Amino acid sequence: MFYGAIVWDPWLIVAQIVCLQCLFYLTLGLFMSVLVATRVEHMSLVYFFDFSTLTVSTVTGCFVVVSFLLSSLAGAGYMLYVIERAKKCLDFSATLYIIHLFICIIYGGWPVSLTWWVVNLSGLAAMSLLGEWLCIRRELKEIPLTRLRSSKSLFQFLFWLYLFLISSGNNDIGY
C-alpha cells in the first residue's frame, strides 16, 4: 500500500470497475435472495433493473429498496480493498451507478420513478462517502516501525553480515 508516483494503467482501472460492478451485483443478488425471494414466486432480473420494482408502496418494493441500500454500503467496503484510495471513491461509485443506469435503460427504459432516482442517488452518496471515510481511516493509520525494530530476523541478518565481513578478511570496518 505504498503510494508513490501515479502510473496511468487503464487495464487496472477497467479491472477495478468490472470487479466492483460484479461484487455490487453479487451482493445485491444475495440481499434480494434473502429479502425479496421469500416474498415472490419467481425471482428475475426485473427486481434488479426495472425501475417499477423500486417502490415504497408495497412490502416487496420496500425490501428491494433495502437491498439496494445495503448493497451500496457493502460496495463501500469493497472499495476499501479494490480501490484503496479515498480520492478515487467518488469516481468509481459514480461509474458503477452510471453503468447501472445504462443497464436499466436497456432493460426497461428510462427510469421515470422518483423512488428509483432517490434510492440510486442515496446509494451513490452512501457508497462514495462511506468508501472515502473507510479509505481515509486506512490511509491515516500509522506505519508500524516497532515490528521492524524488534524483529529477530533483522538482527540475525545484521549479525551474520557482520561475521561475514570479519571472516572475509576485510579490515576496512575500523579494526
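The shown structure was predicted, so the numbers you read here are calculated from the model rather than taken from an experiment.

Peer 1: Can you break down the overall build of the protein chain residue by residue, with the values?
Peer 2: Scanning the protein chain from N- to C-terminus turns up seven helices and zero strands. When its helices and strands are written in sequence order, the protein chain yields α-α-α-α-α-α-α. Across the 175 residues that make up the protein chain, the buried fraction comes to 30%. Pairs at least 24 residues apart make up 73% of the contacts formed inside the protein chain by residues separated by at least 6 positions. Counting every atom, the protein chain has about 11,500 Å² of accessible surface; 70% of that belongs to carbon and sulfur.

Peer 1: A description of helix α3 (residues 59–82) should follow, citing residues and the corresponding values.
Peer 2: The end-to-end C-alpha separation of α3 is 34 Å, in line with the 34 Å expected for 24 residues at 1.5 Å each. Immediately downstream of α3, the backbone of E84 shows phi near 70°, a positive value.

Peer 1: Lay out the side chain of D50 in plain terms, naming residues and giving numbers.
Peer 2: Tracing the backbone shows D50 in the loop between α2 (46–49) and α3. The charged side chain of D50 is buried without a salt bridge, its nearest counter-charge being R39 at 17 Å. Setting aside chain neighbours within four positions, we find D50 in contact with L45 and Y107.

Peer 1: Give a description of unusual backbone geometry that names residues and reports values.
Peer 2: Leaving glycine aside, a negative phi is the common case for residues, and trans is the common case for peptide bonds. Phi angles above zero are rare outside glycine, and E84 is one such case at about 70°. Following the sequence through the fold, E84 ends up in the loop between α3 and α4 (89–108). Note on E84: relative accessible area 28%, which makes it partly exposed.

Peer 1: I'd like to hear about a nonpolar patch on the surface, residue by residue, with values.
Peer 2: Taken together, the side chains of F159, W160, Y162, L163 and I166 define a hydrophobic patch exposed on the protein surface, amounting to about 500 Å² of accessible area. With respect to the helices, strands and loops of the structure, F159 is situated in helix α7 (residues 152–167). Owing to a relative accessible area of 45%, F159 belongs among the partly exposed residues under this scheme.

Peer 1: Outline the packing of helix α1 (residues 10–35) against α3, supporting the account with residue identities and numerical values.
Peer 2: Between α1 and α3, the shortest axis-to-axis distance is 8 Å and the interhelical angle comes to 145°. Here the hand of the crossing between α1 and α3 comes out right-handed. Here the contact of α1 with α3 is composed, by residue class, of 17 nonpolar, six polar and no charged.

Peer 1: Before we move on, could you go through the packing of α3 against α4 and cite the residues and values that matter?
Peer 2: Relative to each other, α3 and α4 sit at 140°, their axes nearing to 11 Å. Relative to α4, α3 is oriented oblique. Note that α3 runs across α4; the crossing there is right-handed. Contacts from F68, S72 and M79 in α3 reach C89, F92, S93, Y97 and H100 in α4. Within the contact of α3 with α4, the residues separate by chemical class into five nonpolar, three polar and no charged.

How each quantity is defined
Residues numbered from 1 in each chain as written. Predicted model: local features only at pLDDT ≥ 70, side-chain atom pairs only at ≥ 80, totals over all residues. Heavy atoms only, no water. Helix = DSSP H or I, 4+ residues; strand = E, 2+ residues; numbered from the N terminus. Buried < 20%, exposed > 50% of the residue type's maximum accessible area, 1.4 Å probe, protein only. Contact = heavy atoms within 4.5 Å. Areas by Shrake-Rupley, 256 points an atom, 1.4 Å probe, with all protein chains shown as cover. Expected span 1.5 Å × (residues − 1). Lys, Arg positive; Asp, Glu negative; His and termini not counted. Salt bridge = Lys/Arg side-chain N within 4 Å of Asp/Glu carboxyl O. Patch = residues over 30% accessible without salt bridge, like charges linked within 9 Å, V, L, I, M, F, W, Y side chains within 5 Å. Axes fitted to C-alpha atoms, helices over the stretch in contact; angles between N-to-C directions. Left-handed = near helix turned anticlockwise from the far one by under 90°. Nonpolar A, V, L, I, M, F, W, Y, C, P; charged D, E, K, R; others polar. Parallel < 35°, antiparallel > 145°, perpendicular 65-115°, else oblique.

Any functional reading would require information beyond the geometric quantities listed.
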